[in-house]
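These are the residues of each chain, in order.
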Amino acid sequence: HSLSDDSLEASYEAMRLGELQESLDPFSLGDQDDANALLDRAEGYWRRGYTSAATQLLDRALELEAASSEVHFLRGLIALERLQFADALSAFEDTLSTDPNHIDARLCMGWLRLYRGEYELAETDFRSVLEQNPQHEGAKRGLGILQESAENACPTLDMRVALGDN
């Protein structure tokens, strides 16, 4: 190895060690009493695949600021990613209780309800999104699937086709 290869390898190992340390203790770095800072760090952990660490940070952020719609929303996304649909729906409901116009939470609720077979509630959610943004493609697509499902009487199959789950 040349000196530069050794330096690169050492830098890589230090980076991996730092990531491991962060993943083991998300509170080891940064302000623990600032809900927005915790939310930012939680989102960073989540995007890198450390959902447990992200959840710990979000729990602390909620202790500091229970009315943070974005903290609730990220909790919903993490639950959705983990296929914990009831928890995701609850987190999105909490998001909307703190920010009734949170369009992304409303859209996620629509898709979750469509998936769960709660078609009337899903339609209400999609229409609510379209009231806020008449050009919203995700809500239009959801309503389109509901319409096709009603016409074809096979909503589960249509849902799988729409989501690419063949």
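Our subject is the structure that appears above.
Model, not experiment: these values are computed from the prediction.

Thresholds applied
Residues numbered from 1 in each chain as written. Predicted model: local features only at pLDDT ≥ 70, side-chain atom pairs only at ≥ 80, totals over all residues. Heavy atoms only, no water. Helix = DSSP H or I, 4+ residues; strand = E, 2+ residues; numbered from the N terminus. Expected span 1.5 Å × (residues − 1). Buried < 20%, exposed > 50% of the residue type's maximum accessible area, 1.4 Å probe, protein only. Arc of directions from axis to C-beta. Contact = heavy atoms within 4.5 Å. Polar contact = N/O pair within 3.5 Å; in protein donor to acceptor, adjacent residues only side chain to side chain.

Between the first and last C-alpha of helix H5 (residues 85-98) there are 20 Å, a value that for 14 residues agrees with the 20 Å anticipated at 1.5 Å per step. Considered for burial, the residues of H5 that qualify are Ala88, Leu89, Ala91, Phe92, Thr95 and Leu96. Projected onto a plane normal to the axis of H5, the buried residues spread over an arc of 165° and lie on a single side. Those residues of H5 that are exposed and angled more than 90 degrees off the buried face are Ala86 and Ser97. Next to the buried residues of H5 lie helix H4 (69-81) and helix H6 (103-116).

Here we come to H6. The end-to-end C-alpha distance of H6, which contains 14 residues, comes to 20 Å, matching closely the 20 Å that a straight helix rising 1.5 Å per residue would cover. The element H6 is largely enclosed, with a buried count of 10 among its 14 residues. For H6, the complete set of buried residues consists of Ala105, Arg106, Leu107, Cys108, Met109, Gly110, Trp111, Leu112, Arg113 and Leu114. After H6 finishes, the residue Gly117 shows a positive phi value of roughly 85°.

It is worth spelling out unusual backbone geometry at this point. If you check the backbone angles, Leu83 has positive phi at about 65° while not being a glycine. Topologically, Leu83 is positioned in the loop between H4 and H5.

Attention now goes to the side chain of His136. With respect to the helices, strands and loops of the structure, His136 is situated in the loop between helix H7 (119-132) and helix H8 (137-152). Of note is the side chain of His136, whose polar atom sits 3.2 Å from the backbone nitrogen of Gly138. His136 has contacts with Ile103, Leu107, Val129 and Leu130, leaving out every residue within four places of it along the chain.

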